[in-house]
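Listed here are the chains, written in short residue letters.
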Amino acid sequence: MRVVIAEDSVLLREGLVGLLSRFGFDVVAAVGDAAALVTAVEQTAPDLVVTDVRMPPGFTDEGLRAAVALRAARPDLAVVALSQYVQHSYAGELLGSGQGRAIGYLLKDRVADVAEFADMLRRVAEGGTVVDPEVVRQLMLRGRDPIEHLSPREREVLALVAEGHSNAAIARMLTLTEAGVGKHIGNVLAKLRLPVSDDTNRRVLAVLTYLRGQQ
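Let us look at the structure shown here. What you see is a predicted model; the values in this text were computed from it and never measured.

## Considering the packing of helix H7 (residues 152-162) against helix H9 (residues 178-191)
Interhelical geometry of H7 versus H9 gives an angle of 95 degrees and a closest axis separation of 9 Å. With respect to H9, the element H7 is oriented roughly perpendicular. In this structure, H7 contributes Arg153, Glu154, Val157, Leu158 and Val161 to the contact, and H9 contributes Val181, His184, Ile185, Asn187, Val188 and Lys191. Grouping the constituent residues of the contact of H7 with H9 by class yields six nonpolar, two polar and three charged.

## Comments concerning the layout of surface pockets
The space that makes up the second largest pocket amounts to roughly 150 Å³. Of all the elements in the fold, those that place two or more residues in the lining of the second largest pocket are strand S5 (103-107), helix H5 (114-125) and strand S6 (129-131). Ranked by residues supplied to the lining of the second largest pocket, first place goes to H5 with three residues. Partitioning the lining of the second largest pocket into residue classes produces nine nonpolar, no polar and four charged.

## A closer look at the pairing of strand S4 (residues 78-83)
With six of its six residues buried, S4 lies for the most part within the structure. Burial along S4 is two-sided: Ala78, Val80 and Leu82 facing one way and Val79, Ala81 and Ser83 facing the other are all buried. The handedness of the strand S3 (residues 48-51) to S4 crossover, carried by helix H3 (residues 62-73), is right-handed.

## Notes on the sheet that holds strand S2 (residues 26-31)
If you trace the six strands from one edge of the open sheet to the other, you get S2-S1-S3-S4-S5-S6, paired in parallel fashion. Each edge of the sheet is formed by a strand with only one pairing partner; in this case those strands are S2 and S6. The average angle at which neighbouring strand axes cross in this sheet is 15 degrees, direction not considered. Note that S3 and S4 share four bridges and pair parallel. By the bridge assignment, Thr51 is partnered in S4 with Ala81. Most of the contacts of helix H1 (residues 10-22) go to S2, to which it runs at about 175 degrees, and overall it touches strand S1 (2-6), S2 and S4.

## Some remarks on the packing of helix H8 (residues 167-174) against H9
At a closest axis distance of 8 Å, the pairing of H8 and H9 adopts a crossing angle of 105 degrees. What the angle tells us is that H8 and H9 run roughly perpendicular. Contact residues: Asn167, Ala168, Ile170 and Ala171 in H8; Glu178, Val181, Gly182 and Ile185 in H9. Residue classes in the contact of H8 with H9 are distributed as five nonpolar, two polar and one charged.

## Observations regarding the nonpolar core
Proteins that are soluble and globular tend to have nonpolar side chains buried together. Counting 27 residues, the largest nonpolar core has Leu37, Val49, Leu64, Val79, Leu94 and Tyr105 as its most contacted members. Looking at this core, the elements with two or more residues in it are S1, S2, helix H2 (34-44), H3, S4, helix H4 (91-96) and S5. Apart from residues lying up to four places away in sequence, Val79 is in contact with Leu48, Val49, Thr51, Ala67, Arg71, Leu94, Ala102, Ile103, Gly104 and Val124.

## A short note on the pattern of salt bridges
Two side chains of opposite charge can pair, provided their charged atoms sit close to one another. Scanning all chains against the criterion turns up seven salt bridges. As a salt-bridge pair, Glu156 and Arg153 come within 3.0 Å of each other at their nearest N and O atoms. With Glu156 and Arg153 both in helix H7 and three residues apart, the pair spans about one turn of that helix. Owing to a relative accessible area of 35%, Glu156 belongs among the partly exposed residues under this scheme. Among the charged side chains, a network of salt bridges with common partners joins Glu7, Asp52 and Lys108.

## Considering a negative patch on the surface
Together, Asp113, Glu116, Asp119 and Glu126 make up a region of like negative charge exposed at the surface. Here Glu126 lies in the loop between H5 and S6.

Rules used in this analysis
Residues numbered from 1 in each chain as written. Predicted model: local features only at pLDDT ≥ 70, side-chain atom pairs only at ≥ 80, totals over all residues. Heavy atoms only, no water. Axes fitted to C-alpha atoms, helices over the stretch in contact; angles between N-to-C directions. Helix = DSSP H or I, 4+ residues; strand = E, 2+ residues; numbered from the N terminus. Parallel < 35°, antiparallel > 145°, perpendicular 65-115°, else oblique. Contact = heavy atoms within 4.5 Å. Nonpolar A, V, L, I, M, F, W, Y, C, P; charged D, E, K, R; others polar. 1 Å grid on protein atoms, 1.4 Å probe; cavity = no way out; pocket = protein on both sides within 12 Å on 5 of 7 lines; lining within 4 Å. Points joined across faces, edges and corners; volume = space filled by probe spheres on them. Buried < 20%, exposed > 50% of the residue type's maximum accessible area, 1.4 Å probe, protein only. Right-handed = clockwise from strand over helix to strand, strands pointing away. Pairing = 2+ DSSP bridges. Core = buried A, V, L, I, M, F, W, Y, C linked by side-chain atoms within 4.5 Å. Salt bridge = Lys/Arg side-chain N within 4 Å of Asp/Glu carboxyl O. Patch = residues over 30% accessible without salt bridge, like charges linked within 9 Å, V, L, I, M, F, W, Y side chains within 5 Å. Areas by Shrake-Rupley, 256 points an atom, 1.4 Å probe, with all protein chains shown as cover. Lys, Arg positive; Asp, Glu negative; His and termini not counted. Charge placed at Lys NZ, Arg CZ, Asp CG, Glu CD.

Dropping the structure here:
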């Protein structure tokens, strides 16, 4: 079974190469970014792609977007996303591609048995679907109002951010330290699962999410 691996961490990439080779997979390419992944698939025509989600240059969802594009071009290409977290953007699109066949989404920290992991890859390559239950749970919760996940204090801070107040002003209004306000805002950004990107301001995205929830 011919496999292309895409993983930006050199140690993890080489570890996957060794692991899959030990279980009888033929690793035809191992690359470190999304562009190289697309090129490797075009050049080697593998049976299976195992890709990380976050890769250079932006370390957001490059691997996932590349996987979606590859599946659009080759719906029969088996793809497994192997990530440390659930990336909501494009995850549903990837899992729904090819009528949901030959697709997988696994979380690195929840892979407890390497033999079972290798078996999961084979199942996907044979047309099956393997999705970590935590991925399913988080995608199901995605349709809920994300503001519901915030604590009352976090909502209060976000409301003041939406009104245009600075951290210093919010600290005075709520009798908090600026560091405390910064911590609350950090929690808000994490709970709203806003993507880290040079092209977007996460504070602005948080405000937009809040305003949509007030409509």
